[in-house]
Amino acid sequence: MNLQMFDLPAHQKRRKAPKVASLVALSIALSVATIICVYSPSLLYNPGNVPQAVPSSDSLRESIRRPEKDDEPQAANSPETEPSEPPSSIKSDLIVARTTLDRNNSERRSAPSPSPSQGDENEGRTRIPIQRSPEQTKRVSPVPNPAGGIDHSKLGDKESCDLFTGEWVPNPEAPYYTNSTCYGIYDHQNCMKYGRPDTNFLKWRWKPDGCELPIFDPHQFLEVVRGKSIAFVGDSLARNHMLSLMCLLSRVLYPLDVSTANDENRRWVYREYNFNVSMFWAPYLVRSERTDPNDITRPFNLYLDEFDDGWTTKVQAYDYIIISAGQWFFRPTNFYENRTLIGCLACKQDSVTQFTMNFSYERALRTAFRAVISLANFKGVTILRTIAPSHFEGGVWDQGGDCVRTRPFKRNETVLADYNSELHKIQLKELRIAQEEGSKWGLRFRLFDVTQAMSLRPDGHPSKYGHWPTEKVTNDCVHWCLPGPIDAWNDFLQELIKPEETKKSSYRYT
């Protein structure tokens, strides 16, 4: 069987095999490029330095609805021209899809009746049946979490628990692959290669309150997704997750790279299972452009009401779309709606309204969901993976901040930072709106809430073990070592997908 190694994105040099002579030079370049993209001093800002601008929340559901029969699509103005009548205020209720994705009247579906579960405050959260060990004889008390109260309710005859609320517990059997058995690990996440001395951070698994989360089973997973396709849409953490999945599946087989040359989006196929995995690079989720094509550290222009054609025109046939983003929204950016500059983040323009990242993140996420809802023939499941916090301690990222802990936190040992908490709330709010609107069209939106679990893992980042000591690179406390805690995301993913594919499954969504 003709198998190829996992390749780097097209904007980075492709690595054909783990023992090529140029690998060292490539790893150095990749590490430096990654750190520049994520940590450059001109890219991040202190959320406390910018006054909070409260965006309008009127007509949020209206803003992502599918176009009705009588709606007339508006042609987007060209990037070189301004609209004839600039808006007098910031609009949050844009409802018209860009013409590139607008559907003909004949293609529009009739809206089915809303789901009976519509309006449930915990809609989209994953409930799984409690699997008690023999010594467990009493029901575990409910524990609140940042997403809202969890009541451990009964579903039919099955008791259930929230998949995403729990603790990390020891797992001596982990890890399930190494950097020797999986050749697709990027150097800046290859902590063992660069001499990380401790391995205890590998010996944990996620334990939901009152139930057991099964460890990822590559054979079972491949059978469940036989004939299916998954699209990861987002930034380098989405790619981090995808590579974790591929490494776990490498215990069974490697995929074949069928990506197009010079395309930063990547695609792999597991031919024996007719299973496809793709990575769509979309760190802002919406249309964006560099203000300086030759300098990635310069501010980006974000068109908050416009779809990113790099992924929205290509995901209609996929069975699962996993959307995630967040880190890039800390960068200095200019915000546009209706092709008109309406504000900016951390810019030096006195005449432009200053907003926090919450403003752009809310609108970008809403537009991303609107893009999915507008797809005429999409019949898959859209999964929102929530934010995974970074863990810089002792300073900010470019002033000596590091992540040197060697064990997980207990949940009473840490508190989610305010800006992460705000992003998480935005994600939950926008997902509920998308679920309500999507249910009218038979579309499914699911929650993949890793925020609590990953907030407890300050020990899982590369830190200085993603490069050689002689390289002048800042510590990485954003991405995750492979193998490492991020592998648990695929324990979650397995349990999210199984109920969608196996009608007999006892797993339920509420």
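Rules used throughout
- Residues numbered from 1 in each chain as written.
- Predicted model: local features only at pLDDT ≥ 70, side-chain atom pairs only at ≥ 80, totals over all residues.
- Heavy atoms only, no water.
- Disulfide = S-S within 2.5 Å.
- Helix = DSSP H or I, 4+ residues; strand = E, 2+ residues; numbered from the N terminus.
- Buried < 20%, exposed > 50% of the residue type's maximum accessible area, 1.4 Å probe, protein only.
- Core = buried A, V, L, I, M, F, W, Y, C linked by side-chain atoms within 4.5 Å.
- Contact = heavy atoms within 4.5 Å.

What is the right way to look at the state of the cysteines in this model?
In a disulfide, the sulfur atoms of two cysteines are covalently bonded to one another. Per the stated rule, a full pass over the model turns up five disulfides. Disulfide pairing places Cys161 opposite Cys211 at an S-S distance of 1.9 Å. In this pair, Cys161 sits in strand 3 (residues 158–162) while Cys211 sits in the loop between strand 5 (204–208) and helix 3 (218–224), placing the two residues 50 residues apart along the sequence. Just as Cys161 is buried, Cys211 falls in that class too. The side chain of Cys403 participates in a disulfide bridge whose partner is Cys477; the two sulfur atoms lie 2.1 Å from each other.

Could you clarify how one ought to interpret the nonpolar core in this entry?
One recurring pattern in soluble globular proteins is that nonpolar side chains are buried together. In terms of nonpolar packing, the biggest core is built from 100 residues, with Phe221, Phe275, Trp311, Ile323, Phe448 and Phe492 touching the most fellow members. With sequence-adjacent residues up to four places away left out, Phe492 is seen in contact with Leu163, Phe164, Trp206, Leu213, Phe448, Val450 and Ala453. Of all hydrophobic cores here, the second largest spans six residues; its members include Tyr194, Phe201, Leu202 and Cys481.

Just checking my understanding: could you explain the environment of Pro170 for this structure?
Mapped onto the elements, Pro170 comes out in strand 4 (residues 166–170). Along the backbone, Pro170 and Asn200 are 30 residues apart, and their C-alpha atoms lie at a distance of 9.2 Å. Leave out the neighbours within four places in its chain, and Pro170 touches Lys203, Trp204 and Arg205.

In short, shape yes, function no, at least from these values alone.
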